[in-house]
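Understanding the architecture of this molecule
Each chain, letter by letter, is given below.
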Amino acid sequence: FRSPGTAGYNAMVGAKDWIKDKFSSDSSGGTTATVGDNIDYSSASDNVNSEGNVATDRKARQLGMYNALRKQGFTHEQSLAVGGEIGRENDYGDALFSTHIDKARDEKGNQIKNGGALSWNRERYAKFAAHMRAQGQMDANGNIPKTQAALDAQAGYIKQEFSEKQYSKHLKKFNSNPNADPR
């Protein structure tokens, strides 16, 4: 896991500002969501189309993934950091729900197939695919439905992978400082 850098973080903060503006109450009173609120917006009508799929709008996908990460227990700051990394990996495009060929090559010059939110590949992709299939969120061809449930399942796998011993050294700062500014 690498820090998403300022651009990825700013994209997620921009999405949260959009969320806050879109779902805050009007001038007649009531409460307004703040950036740190853990509010479930996944059922918002603008976040899915008539088939129940996550909208193609990147901000709506960011919203769905942010919410999925929060459901898994990630803090606001951790969700922004992971969300920024997802944006760096696939810009919240359709690759979020499928496989694609990495621009990099393996040590023998062969193409590398990546899949999902964090562009898992090789052994990591095999584990991710098994998780997604067990959740009913991936078909035999590696396609993932464009639904909030699929984003939730991917966030669940991220949480699982982040807790594995082999990644503990790399994620020590992330896991021990859950409210640290992700920039």
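Look a little higher up for the structure.
Residues numbered from 1 in each chain as written. Predicted model: local features only at pLDDT ≥ 70, side-chain atom pairs only at ≥ 80, totals over all residues. Heavy atoms only, no water.

**A short note on the overall build of the chain**
In terms of helices and strands, the chain carries six helices and three strands. Put simply, the chain runs from its N terminus to its C terminus through helices and strands in the order α-α-α-β-β-β-α-α-α. Within the chain, counting contacts between residues at least 6 apart in sequence, those at least 24 apart form 59% of the total. In the structure as shown, the chain presents an accessible area of about 9,500 Å², 46% of it carried by carbon and sulfur atoms. (Helix = DSSP H or I, 4+ residues; strand = E, 2+ residues; numbered from the N terminus. Contact = heavy atoms within 4.5 Å. Areas by Shrake-Rupley, 256 points an atom, 1.4 Å probe, with all protein chains shown as cover.)

**A few points about the sheet that holds strand S1 (residues 99-105)**
Spatially, S1-S2-S3 is the arrangement adopted by the three strands of the open sheet, whose pairing is antiparallel. Every other strand in the sheet has two partners, leaving S1 and strand S3 (120-121) as the edge strands with one partner each. The pairing of S1 with strand S2 (residues 111-115) spans four bridges and is antiparallel. Following the sheet pairing, arginine 105 is matched in S2 by glutamine 111. (Pairing = 2+ DSSP bridges.)

**A word on the side chain of glutamate 161**
For glutamate 161, the position within the fold is in helix H5 (residues 148-162). The class for glutamate 161 is buried, based on a relative accessible area of 2%. In contact with glutamate 161, not counting residues within four places along its chain, are Trp120, Arg124 and Tyr167. (Buried < 20%, exposed > 50% of the residue type's maximum accessible area, 1.4 Å probe, protein only.)

**Here we look at the pattern of salt bridges**
Inspection of every chain in the model, using the stated rule, returns seven salt bridges. Where lysine 71 meets aspartate 152, a salt bridge forms, and the shortest distance between an N and an O atom there is 3.1 Å. Here the residue lysine 71 occupies a position in helix H2 (residues 58-71), and aspartate 152 occupies one in helix H5, the gap between them amounting to 81 residues. One salt bridge in this structure joins arginine 88 and glutamate 89, with 2.7 Å as the shortest N-O distance. Take glutamate 89: its relative accessible area is 26%, and that puts it in the partly exposed class. (Salt bridge = Lys/Arg side-chain N within 4 Å of Asp/Glu carboxyl O.)

**A short note on the pairing of S2**
In summary, the side chains of a regular strand alternate between the two faces of the sheet. The pairing of S2 with S3 spans two bridges and is antiparallel. Bridge pairing in S3 links glycine 115 to tryptophan 120. Hairpin connection of S2 to S3: four residues between the antiparallel strands, including glycine 116 at a positive phi of 80°.

**Things to note about the nonpolar core**
In terms of nonpolar packing, the biggest core is built from 29 residues, with Met65, Ile86, Leu96, Trp120, Phe128, Ile158 and Phe162 touching the most fellow members. Among the secondary structure elements, those contributing two or more residues to this core are H2, helix H3 (76-90), helix H4 (122-134) and H5. (Core = buried A, V, L, I, M, F, W, Y, C linked by side-chain atoms within 4.5 Å.)

**Quick notes on the environment of aspartate 102**
Tracing the backbone through its elements, the reader meets aspartate 102 in strand S1. Residue classification places aspartate 102 among the partly exposed positions, given a relative accessible area of 25%. Between the C-alpha atoms of aspartate 102 and asparagine 114, which are 12 residues apart in sequence, the distance is 6.2 Å. What aspartate 102 contacts, discounting residues up to four positions off in sequence, is Ile112, Asn114 and Asn121.

**Remarks on the packing of aromatic side chains**
Per the stated rule, a full pass over the model turns up seven aromatic pairs. An angle of 80° between the planes, with centres 5.3 Å apart, marks the rings of tryptophan 120 and tyrosine 157 as edge-to-face. Separated by 37 residues along the polypeptide, tryptophan 120 in strand S3 and tyrosine 157 in helix H5 bring together distant segments of the chain. Here the two residues tryptophan 120 and tyrosine 157 agree in accessibility, since each one is buried. Geometrically, the ring pair formed by phenylalanine 128 and tyrosine 157 is edge-to-face, given 5.6 Å between the ring centres and 65° between the ring planes. Here the residue phenylalanine 128 occupies a position in helix H4, and tyrosine 157 occupies one in helix H5, the gap between them amounting to 29 residues. Judged by its relative accessible area of 1%, tyrosine 157 is buried. Every member of this aromatic cluster is reached through a ring pair, and the members are Trp120, Tyr125, Phe128 and Tyr157. (Phe/Tyr/Trp six-rings, centres within 6.5 Å; stacked < 30°, edge-to-face > 60°.)

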